[in-house]
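Structural features, examined
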Amino acid sequence: MASMSDRSPSSRPRTQTEPAPHRAGFACFVGRPNAGKSTLTNALVGTKVAITSNRPQTTRHTVRGIVHRPDAQLVLVDTPGLHKPRTLLGERLNDVVRTTWAEVDVIGFCLPADQKIGPGDRFIAKELAGLKRTPKVAVVTKTDLVDPQALAGQLVAVDRLGRELGVEWAEIVPVSATAGDQVDLLADLLVPLLPEGPQLYPDGDLTDEPEQVMVAELIREAALEGVRDELPHSIAVVVEEMAPREGRPPGRPLLDIHANVFIERPSQKGIVIGPKGSRLKEVGTKSRQQIEALLGTPVYLDLHVKVAKDWQRDPKQLRRLGF
C-alpha cells in the first residue's frame with residue numbers, strides 16, 4: 001500500500017533537454033455534503049468508483065480513484081462531507097476527513113456554482129487555513145446549472161473567501177463533472193502540485209477499494225434512490241458472502257453474493273422492501289446490473305433487510321458495519 005505522507009517534490013534544477021519528470025501523489029476533494037465531490041472523482045477517473053446520490057452525506061468510505069496519465073499518476077481520495085455531527089457516525093466521518101487532509105499532497109475544495117457560500121463552506125475554509133503546507137485548489141462545481149454571470153459572481157466570492165480567511169488558492173477552477181467541462185483542465189492543474197516520483201499503483205488499477213466494499217456501496221446507492229428523506233443515513237449494507245458458484249461450466253461462471261441491508265428501526269423495513277417486496281426487487285435488479293458491469297461476470301444477488309437498532313449511535317454496531 002502506498003503511503004500518502006513523507007514525500008516532497010524534488011527541488012533539483014533541470015536542464016532544458018531533460019524530459020519533464022513523472023509525478024505521482026494523492027489529492028482529495030473536500031466540501032460540504034452534496035458539493036459534487038464523488039461525481040467529480042468519477043469524471044476524472046473515467047468510470048464509477050464512488051457512489052453518487054442527490055442526497056447529501058452519501059459517501060462514508062474514502063474511495064481512492066486512480067487517474068493514469070503518461071506524465072503522472074493522480075490518486076484521488078474521496079472523503080465524506082465535513083459537517084456538524086449529530087451522531088457518533090457523524091463524528092467518525094469527520095475524523096476520517098481530517099486524517100485524510102493531513103496526509104494528501106493537494107486538496108481540492110469543492111463549492112457548487114449554484115449555491116451561495118454559506119456557514120458550512122466557511123467552516124471548512126477555516127479548517128483549511130490551518131493547513132499551511134498543503135496546496136489548495138478551489139473547484140467551483142456544477143457550472144452547468146448557472147449562467148456565465150452567476151458563475152463569474154461565484155468565482156469572485158470564492159476568491160474573496162480565501163482572502164478573508166487566509167486561505168491561499170493555488171488555482172480557482174470552474175468545472176462541470178456531469179457535462180465534462182474543464183475536467184481535464186482540472187487534472188492538468190493538479191498534476192504540477194504533486195511530488196516527483198514513480199507510479200504508486202499498477203497500470204489499469206482504477207481504485208484500491210476492495211471489491212466487496214464497492215459491491216456493498218452499489219447496493220446502498222440503489223437502496224437510497226426514491227426513499228423518504230429520513231432514510232438515507234439509516235441505510236448500511238454489508239456483503240456477508242461473495243463466491244463463485246461451484247459446479248458451473250467453465251464458460252458460464254456465476255458469482256453468488258449474499259448481502260444484508262441494515263436499517264435502524266422496524267418501521268423502516270416496509271419502506272425499503274416496498275409493497276409485496278417490489279422496492280427491494282427493484283434495488284436488487286438495479287444493483288445487480290451495476291455489479292455485473294463492475295466485475296464483468298454474471299451475478300446472483302441475494303438481499304435481506306435487517307434491523308440494527310440505532311446503529312449510527314452504537315459503537316458496537318458501527319464496528320460491525322465497518323465504521
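Residues numbered from 1 in each chain as written. Predicted model: local features only at pLDDT ≥ 70, side-chain atom pairs only at ≥ 80, totals over all residues. Heavy atoms only, no water.

The name an unreviewed UniProt entry gives the protein is GTPase Era, with Streptomyces desertarenae as the organism. Among the UniProt annotations of the protein, the heading Subunit (unreviewed entry) holds the following wording: "Monomer." In the Sequence similarities (unreviewed entry) part of its UniProt record, the protein is described as follows: "Belongs to the TRAFAC class TrmE-Era-EngA-EngB-Septin-like GTPase superfamily. Era GTPase family." (UniProt positions renumbered as here; feature names shortened; annotations may be inferred.)

1. What to know about the overall build of the protein
Counting secondary structure elements, the protein contains nine helices and nine strands. Counting every position in the protein, which comprises 323 residues, the buried fraction comes to 49%. Residue pairs in contact within the protein that sit at least 24 positions apart in sequence constitute 71% of those at least 6 positions apart. (Helix = DSSP H or I, 4+ residues; strand = E, 2+ residues; numbered from the N terminus. Buried < 20%, exposed > 50% of the residue type's maximum accessible area, 1.4 Å probe, protein only. Contact = heavy atoms within 4.5 Å.)

2. Structural notes on helix α4 (residues 148–165)
Taking 1.5 Å as the rise per residue, α4 with 18 residues should run 26 Å; its terminal C-alpha atoms sit 26 Å apart, in good agreement. Those residues of α4 that fall on the buried side of the exposure criterion are L151, Q154, A157, V158, L161, G162 and L165. In a view along the axis of α4, the buried residues occupy a sector of 140°, so they form one face of it. Relative to its buried face, α4 has exposed residues pointing more than 90 degrees away, namely P148, Q149 and R163. Taken together, the buried residues of α4 touch β4 (106–112), α3 (119–129), β5 (136–141) and β6 (169–174). Phi for G166, located one or two positions after α4, is positive at around 75°. (Expected span 1.5 Å × (residues − 1). Arc of directions from axis to C-beta.)

3. Let's talk about the environment of G36
Summarising the element assignment, G36 is placed in the loop between β1 (23–30) and α1 (37–45). For G36, a relative accessible area of 16% gives the class buried. A sequence separation of 142 residues divides G36 from T178, and the C-alpha atoms of the two residues are 9.5 Å apart.

4. Considering empty space enclosed by the protein
Applying the stated rule across the entire model yields one cavity of 30 Å³ or more. Its volume calculated, the largest cavity comes out at about 30 Å³. Lining the largest cavity we find L218, E221, A222, E225, K286 and Q290. Contributing elements (two or more residues each) for the lining of the largest cavity: α6 (211–224) and α8 (278–295). For the lining of the largest cavity, the element with the most residues is α6, which contributes three residues. Considering only residue class, the lining of the largest cavity consists of two nonpolar, one polar and three charged. (1 Å grid on protein atoms, 1.4 Å probe; cavity = no way out; pocket = protein on both sides within 12 Å on 5 of 7 lines; lining within 4 Å. Points joined across faces, edges and corners; volume = space filled by probe spheres on them. Nonpolar A, V, L, I, M, F, W, Y, C, P; charged D, E, K, R; others polar.)

5. Focus on the environment of E225
Relative to the helices and strands, E225 is located in the loop between α6 and β7 (236–244). Taking the C-alpha atoms as reference points, E225 and V283, 58 residues apart in sequence, are found 8.5 Å from one another. E225 has contacts with R279 and K286, leaving out every residue within four places of it along the chain. Polar contacts involving the side chain of E225 include one to the side chain of K286, which spans 2.9 Å. (Polar contact = N/O pair within 3.5 Å; in protein donor to acceptor, adjacent residues only side chain to side chain.)

6. Here's the deal with the pairing of β1
The buried count for β1 comes to eight of eight residues, which makes it a mostly enclosed element. Taking every second residue as pointing to the same face, both faces of β1 are buried, with R23, G25, A27 and F29 on one and A24, F26, C28 and V30 on the other. Alignment of β1 against β4, held across four bridges, turns out to be parallel. What sits directly across from F29, in β4, is G108. (Pairing = 2+ DSSP bridges.)

7. Side note on helix α2 (residues 88–103)
Along an α-helix, residues three or four positions apart point the same way, because every turn accommodates 3.6 residues. For α2, built from 16 residues, the straight-helix expectation of 22 Å at 1.5 Å per residue is met to within 8% by its first-to-last C-alpha distance of 23 Å. Among the residues of α2, L89, G90, L93, N94, V97, T100 and W101 are the ones counted as buried. The arc enclosing the buried residues of α2, seen along the axis, measures out at 140°, which places them on a common side.

8. A closer look at the sheet that holds β7
Reading across the sheet, the three strands line up as β7-β8-β9 and stay open at both edges, with mixed pairing between neighbours. Strands at the two margins of the open sheet, each flanked by one partner only, are β7 and β9 (299–307). When strand polarity is set aside, the average angle formed by the axes of neighbouring strands in this sheet is 15°. Taken strand by strand, helix α7 (residues 266–273) contacts β8 (255–263) and β9, and its axis lies near 150° from that of β9. This element, α8, spans β7, β8 and β9 of the sheet and lies at about 135° to β9. (Axes fitted to C-alpha atoms, helices over the stretch in contact; angles between N-to-C directions.)

9. A look at the packing of aromatic side chains
In total, this model carries one aromatic pair according to the counting rule given. On the numbers, 6.0 Å between centres and 40° between planes, the contact of F109 with W169 is tilted. Residue F109 is located in strand β4, and its partner W169 is located in strand β6; the two are separated by 60 residues in the primary sequence. (Phe/Tyr/Trp six-rings, centres within 6.5 Å; stacked < 30°, edge-to-face > 60°.)

10. Topic: the side chain of K136
The residue K136 is located in strand β5 in this model. No salt bridge is formed by the buried K136. Its closest oppositely charged neighbour is E168, at 8.2 Å. At 2.7 Å, the side chain of K136 forms a polar contact with the backbone oxygen of T134. In contact with K136, not counting residues within four places along its chain, are I107, L128, L131, V167, E168, W169, A170 and E171. (Lys, Arg positive; Asp, Glu negative; His and termini not counted. Salt bridge = Lys/Arg side-chain N within 4 Å of Asp/Glu carboxyl O.)

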